[in-house]
Amino acid sequence: MTMRKLRLYLDTSVISCIHAPHRPKVEEVTGEFYKHVKEHAAEYELVISPVTQYEVRNCPEPKRSLLYQLLAELDLTVLSDNDEAVRLAGQYIESGVLEARHHRDLTHIAYAVIARCDYIVSWNMKHFVNTRTISGVQSVNLANHYWSPFIITPTVILGDKTDAEI
C-alpha cells in the first residue's frame, strides 16, 4: 500500500533561512531540513503560494537569486491565486488572530488551509508558530468547517535527525 505524501506548506521564513548568517543554528537546521525533504521526496509534497512568490520576488539581491536557486532545486506545488484563501485570511483578521497589518502572514496560513496541507513549516515564531495564532486559526477554521494544518518549525519534520539547538 502506498502512503499519501505529507503536504508541507513552506512560508517565506523557512525559505529565506537557507541563508541566515545572523541566525547560524536556524540556517544549519534549515539546510538539514532541505536535505531531508530532498532525500525523502517520496514522503513529502512541498507547497508554496502566490504570497510566497511575491515575498521572494521582493527580496533584495543577492538573497533573491539565492532563494530562486533553492526553489528551482525543489519539486514544488505552486498554488494559484485563490479568492477563498483571501476571504479566509480576512476572517482571521476579523477574529483578531493577528492585526490587519499582518494580512500576508494570515494569507499564507489561509492558502495552506484551502490547499489542505498537513503542515505549515515556518521559522516565524511571532506570527505563525505560537499558541495564540494556532488557537485563533483553529477556532476560525472549525467555525467554517475547514481543516487546520499543524503549524511547526523544520525541527519537527527532522525529529531526532538534528543535533542543532535553536
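In what follows, the accompanying structure is described. Owing to the predicted nature of the structure, the values given are computational and were not obtained by experimental measurement.

## Observations concerning the side chain of Glu-55
Working step 1: Tracing the backbone through its elements, the reader meets Glu-55 in helix α3 (residues 50–57).
Working step 2: Only 2.4 Å separates the side chain of Glu-55 from the side chain of Thr-12, close enough to count as a polar contact.
Working step 3: Separated by 2.9 Å, the side chains of Glu-55 and His-108 make a polar contact.

## Thoughts on helix α7 (residues 131–143)
Working step 1: Across its 13 residues, α7 extends 18 Å between first and last C-alpha, which sits within 8% of the 18 Å expected from 1.5 Å per residue.
Working step 2: Buried residues of α7: Thr-133, Gly-136, Val-137, Val-140 and Asn-141, and no others. Buried residues along α7 cover an arc of 130 degrees about the axis, so they all sit on one side. Opposite its buried face, α7 presents the exposed residues Thr-131, Leu-142 and Ala-143, each directed more than 90 degrees away.
Working step 3: Taken together, the buried residues of α7 touch α5 (83–94) and α6 (103–114).
Working step 4: The N-cap of α7, judged by a side-chain oxygen 3.1 Å from the amide nitrogen of Arg-132 a few residues on, is Asn-130.
Working step 5: The first or second residue beyond α7 is His-145, which carries a positive phi of 60 degrees.

## Some points on the packing of aromatic side chains
Working step 1: One pass over the full model with this rule turns up two aromatic pairs.
Working step 2: When the ring of Phe-33 is compared with that of Tyr-34, the centres are 5.1 Å apart and the planes differ by 70 degrees; the resulting orientation is edge-to-face. Here the two residues Phe-33 and Tyr-34 agree in accessibility, since each one is buried.

## Details of the pairing of strand β1 (residues 6–10)
Working step 1: Here β1 lies mainly inside the structure; four of its five residues are buried.
Working step 2: Here four bridges tie β1 to strand β2 (residues 44–48), and the two strands are oriented parallel to one another. Paired with Leu-8 across the two strands is Leu-46, which belongs to β2.
Working step 3: Examined bridge by bridge, β1 and strand β4 (residues 119–121) share three bridges and lie parallel to one another. By the bridge assignment for β4, Leu-8 is matched with Tyr-119.

## Some words on unusual backbone geometry
Working step 1: For the bond from Glu-61 to Pro-62, the omega torsion is 5 degrees, close enough to zero to count as cis.
Working step 2: Here Pro-62 is to be found in the loop between α3 and α4 (63–73).
Working step 3: The residue His-145 is not glycine, and still its phi comes out positive at about 60 degrees.
Working step 4: As for its position among the elements, His-145 is in the loop between α7 and β5 (150–152).

Rules used throughout
- Residues numbered from 1 in each chain as written.
- Predicted model: local features only at pLDDT ≥ 70, side-chain atom pairs only at ≥ 80, totals over all residues.
- Heavy atoms only, no water.
- Helix = DSSP H or I, 4+ residues; strand = E, 2+ residues; numbered from the N terminus.
- Polar contact = N/O pair within 3.5 Å; in protein donor to acceptor, adjacent residues only side chain to side chain.
- Expected span 1.5 Å × (residues − 1).
- Buried < 20%, exposed > 50% of the residue type's maximum accessible area, 1.4 Å probe, protein only.
- Arc of directions from axis to C-beta.
- Contact = heavy atoms within 4.5 Å.
- Phe/Tyr/Trp six-rings, centres within 6.5 Å; stacked < 30°, edge-to-face > 60°.
- Pairing = 2+ DSSP bridges.

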